[in-house]
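Descriptive structure summary
Take a look at the letters that make up each chain.
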Amino acid sequence: MTQKEKNTIRKGKNRRALQALAWFGAAVLYYAVFSLLFDTPAEYELRHSTDRLKKEYETLLQEYDSLALVVDNVVERDRNIFAIMFDSEPYDFDSEYNNQRVELHESLLAKSNREMSATLQTSLDDLEKKLVELETSYSELDNALSELGSKRNNIPSIQPVTNHELTLLTAAYGTLMHPFYRTLQSHQGVDYAIPEGTRIFATADGIVKEVKGKNSTSGVTVVIDHRNGYTTSYSHLQSVKVKRGRRVQRGDIIALSGNSGLSLAPHLHYEVRYNGMRVDPIHYFFMELTPDEYQRIMRIAQSGMQSFD
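Below, the structure is looked at part by part.

Parameters at a glance
Residues numbered from 1 in each chain as written. Predicted model: local features only at pLDDT ≥ 70, side-chain atom pairs only at ≥ 80, totals over all residues. Heavy atoms only, no water. Phe/Tyr/Trp six-rings, centres within 6.5 Å; stacked < 30°, edge-to-face > 60°. Helix = DSSP H or I, 4+ residues; strand = E, 2+ residues; numbered from the N terminus. Buried < 20%, exposed > 50% of the residue type's maximum accessible area, 1.4 Å probe, protein only. Pairing = 2+ DSSP bridges. Lys, Arg positive; Asp, Glu negative; His and termini not counted. Salt bridge = Lys/Arg side-chain N within 4 Å of Asp/Glu carboxyl O. Polar contact = N/O pair within 3.5 Å; in protein donor to acceptor, adjacent residues only side chain to side chain. Contact = heavy atoms within 4.5 Å.

Concerning the packing of aromatic side chains
In total, this model carries 3 aromatic pairs according to the counting rule given. Aromatic side chains Tyr-230 and Tyr-284 sit 5.5 Å apart centroid to centroid with 75° between the ring planes, which places their arrangement in the edge-to-face category. With Tyr-230 in strand S8 (residues 230-240) and Tyr-284 in the loop between strand S12 (277-279) and helix H5 (291-303), this pair connects stretches of sequence that are 54 residues apart. We classify Tyr-284 as buried; its relative accessible area is 14%. Aromatic ring contacts, followed pair by pair, group Tyr-230, Tyr-274 and Tyr-284 into a single cluster.

As for the pairing of strand S3 (residues 184-187)
Here 4 bridges tie strand S2 (residues 174-177) to S3, and the two strands are oriented antiparallel to one another. Bridged to Thr-175 within S3 is Ser-186. What sits between the antiparallel neighbours S2 and S3 is a turn of 6 residues, in which Arg-182 has the positive phi angle 55°.

Topic: the side chain of Arg-250
In this fold, Arg-250 is placed in the loop between strand S9 (247-248) and strand S10 (253-257). Here Arg-250 is buried and forms no salt bridge, its nearest opposite-charge partner Asp-205 lying at an N-O distance of 5.5 Å. Polar contacts involving the side chain of Arg-250 include one to the main-chain carbonyl oxygen of Ile-155, which spans 2.8 Å. One polar contact links Arg-250 to Ser-157, side chain to side chain, over a distance of 3.0 Å. Not counting residues within four places of it along the chain, the set of residues in contact with Arg-250 comprises Arg-152, Asn-153, Asn-154, Ile-155, Ser-157, Ile-158, Ala-202, Thr-203, Ala-204, Asp-205 and Met-287.

So, the pattern of salt bridges
A full pass over the atoms with the stated rule returns 3 salt bridges. With its nearest N and O atoms 3.7 Å apart, the salt bridge here joins Arg-227 to Asp-225. Residue Asp-225 is classed as partly exposed on the basis of its relative accessible area, which comes to 22%. Notably, a salt bridge pairs Arg-273 with Glu-271, separated by 3.9 Å at the nearest N-O pair. Using a relative accessible area of 29% as the deciding quantity, one classes Arg-273 as partly exposed. Owing to a relative accessible area of 11%, Glu-271 belongs among the buried residues under this scheme. If you follow the salt bridges from partner to partner, you end up with Glu-271, Arg-273 and Arg-278 in one network.

Shown next as structure tokens:
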């Protein structure tokens, strides 16, 4: 074999080696570009699994914030009660609630992603059911109010005191501990812990049916007949601004709060009756409460265990 033939063979081998190297480089570059632009099935599933976990975590944070707000409302309400009853600052319970929050956070961290997802999904399903029920209830109520026309002004539908922060309600309708007898008794109204001299409002249009004096367990009391089966009563008052037979409108100042009668501390005891039967007044605050505020005040009411009268 001549030298020329050897050189020709060598050049052919080099050319093929360069071609193979070029193809290999192109394959590596293609794989790198493909990996950057497209996900493998496993990568796609992992990426979207992370997105779902982020959404679930954000939802969980919102629920946590909602619970924290309720706890803060309860703390503020208890501070208000303590200040009215003992004229001093209450003990600091914040550290106890902070510990509970830390424990809740740690318990959530201890759960696996699958457990957290299952728990969250169950909670979301329950919330969706309650939301549908609540929306249906409000829709029915709105339709009923539309049909009533001007007569709705005679339905007690606001709180009898200014309570924008929802922290003044201290005792709800139901079975509670009596402050003097220390036994469980039926509490057929709601209590607001407010200082003496706080303005009390008529919760609907009507006529003052009765004004009771101090010589009763309910103390100074105003009863309003709303002429549609509803009557409302406002007890343990300091003074009354209306007389029997006077016509009042929703929002009129009818009295100032006090501590008369069998009362543990200055407060207002408020009742609603429909066709002679006492009903839960909280369900009649719909004119001034949003659905979220209604849920909050319900939780606050359920946390009370003792009435003021």
